[in-house]
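Letter by letter, the chains look like this.
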Amino acid sequence: MARDISGGLEEGFGWCDLNIVDGRRQSAADAYLAPILSRPSLDVVTDALVHRVLMDGDRCRGVEYHVGAETSVAECTGEVVLAAGTVGTPQLLMLSGIGPADHLEDLGIEVVVDLPGVGANLADHPMCGVVYQSAQPVPHGTNNHGEVQGLLSTGMGGPGPDVQIMFVDVPLRADALPGPDIEHGYAIMVSLMAPFSRGSLRLASRTPGAPPVIDPAYYTDQRDLDIVVAGLRIAREIGAAPALAPWRDMEALPGPEARGKKDLRSYVRTNIRSYSHYAGTCAIGLDARSVVDTSLHVHGISNLRVADASVMPSPISANTNATVYAIAERAAELIGS
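Residues numbered from 1 in each chain as written. Predicted model: local features only at pLDDT ≥ 70, side-chain atom pairs only at ≥ 80, totals over all residues. Heavy atoms only, no water.

Even after reading the chapter, I still don't get empty space enclosed by the protein, so can you show me in this structure?
Over the atoms, a rolling probe the size of a water molecule traces out where space has been left empty. For the coordinates displayed, the defined rule picks out two cavities of 30 Å³ or more. When its volume is computed, the largest cavity comes out at roughly 60 Å³. Class assignment for the residues of the lining of the largest cavity results in eight nonpolar, one polar and three charged. Considered as a void within the structure, the second largest cavity measures approximately 30 Å³ in volume. Along its surface, the second largest cavity is lined by Ala123, Asp124, His125, His277, Ala279, Pro315, Ile316 and Thr320. Partitioning the lining of the second largest cavity into residue classes produces four nonpolar, three polar and one charged. (1 Å grid on protein atoms, 1.4 Å probe; cavity = no way out; pocket = protein on both sides within 12 Å on 5 of 7 lines; lining within 4 Å. Points joined across faces, edges and corners; volume = space filled by probe spheres on them. Nonpolar A, V, L, I, M, F, W, Y, C, P; charged D, E, K, R; others polar.)

Please explain the nonpolar core as it appears in this structure.
As a rule of thumb, soluble globular proteins bury nonpolar side chains together. Judged by nonpolar contacts, the single largest core of 36 residues is most densely connected at Val53, Ile98 and Leu304. When contributions to this core are tallied by element, the ones reaching two or more residues are β4 (49–56), β5 (59–67), β7 (80–82), α2 (85–95), β18 (304–306) and α6 (321–336). Setting aside anything within four residues of it in sequence, one finds Ile98 in contact with Val53, Met55, Leu93, Leu104, Val112, Val113, Leu115, Val118, Val298, Ile301 and Leu304. (Core = buried A, V, L, I, M, F, W, Y, C linked by side-chain atoms within 4.5 Å. Buried < 20%, exposed > 50% of the residue type's maximum accessible area, 1.4 Å probe, protein only. Helix = DSSP H or I, 4+ residues; strand = E, 2+ residues; numbered from the N terminus. Contact = heavy atoms within 4.5 Å.)

Please explain the packing of aromatic side chains as it appears in this structure.
Any two aromatic rings considered together are summarised by their centre-to-centre distance and by the angle between their planes. Under the counting rule described, the total for this entry stands at three aromatic pairs. Look at Phe13 and Phe167: their rings are 6.2 Å apart centre to centre, the planes differ by 55 degrees, and that puts the pair in the tilted class. Taken as a pair, Phe13 in strand β1 (residues 12–15) and Phe167 in strand β12 (residues 163–168) lie far apart in primary sequence, 154 residues in all. We classify Phe13 as partly exposed; its relative accessible area is 25%. Where Tyr32 meets Tyr325, the ring centres are 5.7 Å apart and the plane angle is 75 degrees; that geometry is what we call edge-to-face. On the criterion of sequence distance, the pair formed by Tyr32 in helix α1 (residues 28–33) and Tyr325 in helix α6 is long-range, its members being 293 residues apart. In this structure Tyr325 comes out as partly exposed when scored by relative accessible area, which is 22%. (Phe/Tyr/Trp six-rings, centres within 6.5 Å; stacked < 30°, edge-to-face > 60°.)

Just checking my understanding: could you explain unusual backbone geometry for this structure?
What you tend to see is this: most non-glycine residues have negative phi, and most peptide bonds are trans. Here Leu253 and Pro254 are connected by a cis peptide whose omega angle stands at 0 degrees. Along the chain, the position of Pro254 falls in the loop between β16 (248–253) and α5 (261–270). Phi is positive for Asp22, close to 55 degrees, though the residue is something other than glycine. Following the sequence through the fold, Asp22 ends up in the loop between β2 (20–21) and β3 (24–25). Even without a glycine there, the phi angle at Ala217 is positive, about 55 degrees. Within the secondary structure, Ala217 sits in the loop between β15 (213–215) and α4 (222–239). Take Ala217: its relative accessible area is 12%, and that puts it in the buried class.

Explanation requested: the pairing of strand β13 (residues 185–192) in the structure shown.
One face of the sheet, then the other: side chains in a regular strand alternate in exactly this way. Here β13 lies mainly inside the structure; eight of its eight residues are buried. Burial of the side chains of β13 extends over both faces: Gly185, Ala187, Met189 and Ser191 are buried on one face and Tyr186, Ile188, Val190 and Leu192 on the other. The pairing of strand β10 (residues 126–134) with β13 spans seven bridges and is antiparallel. Its bridge partner being in β13, Val131 is matched across the sheet by Ala187. Bridge analysis of β12 against β13 gives six bridges, and the strand direction is antiparallel. Its bridge partner lying in β13, Met166 is registered against Met189. (Pairing = 2+ DSSP bridges.)

Help me understand α6 in this model?
Count 3.6 residues to each turn of an α-helix, and residues three or four apart come out pointing the same way. The first and last C-alpha atoms of α6 sit 23 Å apart over 16 residues, in line with the 22 Å expected at 1.5 Å per residue. Among the residues making up α6, those that are buried are Ile327, Ala331 and Leu334. The buried residues of α6 occupy an angular sector of 65 degrees when the element is viewed end-on, so they sit on one face. Away from its buried face by more than 90 degrees, α6 exposes Glu333 and Gly336. Each element contacted by the buried residues of α6 is listed here: β18. (Expected span 1.5 Å × (residues − 1). Arc of directions from axis to C-beta.)

I keep staring at α2 and nothing clicks. Help me out?
Burial runs high along α2: ten of the eleven residues are buried. Buried-residue contacts for α2 involve β4, β7, β8 (98–99), α3 (101–106), β14 (200–202) and β18.

Help me understand the sheet that holds β5, please; the structure alone is not making it clear to me.
Across a sheet, strands are paired by hydrogen bonds formed along the backbone, either parallel or antiparallel in direction. If you trace the three strands from one edge of the open sheet to the other, you get β4-β5-β6, paired in antiparallel fashion. For this open sheet the edge positions go to β4 and β6 (70–75), each flanked by a neighbour on one side alone. Each strand of the sheet is rotated relative to its neighbour by a mean of 25 degrees, with strand direction disregarded. (Axes fitted to C-alpha atoms, helices over the stretch in contact; angles between N-to-C directions.)

Laid out in structure tokens, this is it:
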């Protein structure tokens, strides 16, 4: 049994960490924001869409946003901190003229700072799994559909665990694929935790709020396919274990006929789901492809920081929630120092 399955370094299986308090999922807003809403120095504006950050030369002085039909400006004497996430933060930076110059010029956006790394380096943890038809109705967990998971190394990636195995009490699969119904199926999921592939995010237009163009580029590096195939073989071994015999009727996906590497590679490409662990589009670092420095300041801009998953320079071998909280808490320390 692993001691800290969310630590990202330890191999083994354990119970998932869950943000559940008194039977309800606790969000970051519940834990951090709700207790301080009465502070006189805090104004919370809901249903707001930020258009761009406002600049005086290379100094950030505030943000422009709208609520309903009314456009407003929030000026600052201190700093602006972007925490719009792996998709929203690079989108806002590019709308503000901070990003790859050639892309911004193509859209007619005035370039404030040429930062090629904005919107590049997109990473995620894609998922695939072995789906089973159950021999009896499957009871659903009281807290979470996937309550047990493990980190393993296939020996094909870099140092540390490169796949996560998770037991799921529903037949989770790509929406277009056939399979058992929710009461008579379960899955052993394989997630690629240290992908080599990287995607990108670009603006579709200059309109704030318009969906950007996202290319996750899953499995564009052949090594990722082979690692997931290796993970599927491990999941199959687990799924065929005698301990699961009372529950196992048959393997529904990929099915007993899919055995060779070619068949399994095809299945991995077909049965793909996002783990919603997007990261990396405003990577921390000091090289030409980085966007923020080690204090989370945007390169070439004063008074502007980023504090969300977009600053992760490479994927972590863990679910990203706790790491994002750690980034936010570190940002608070830096701002307050």
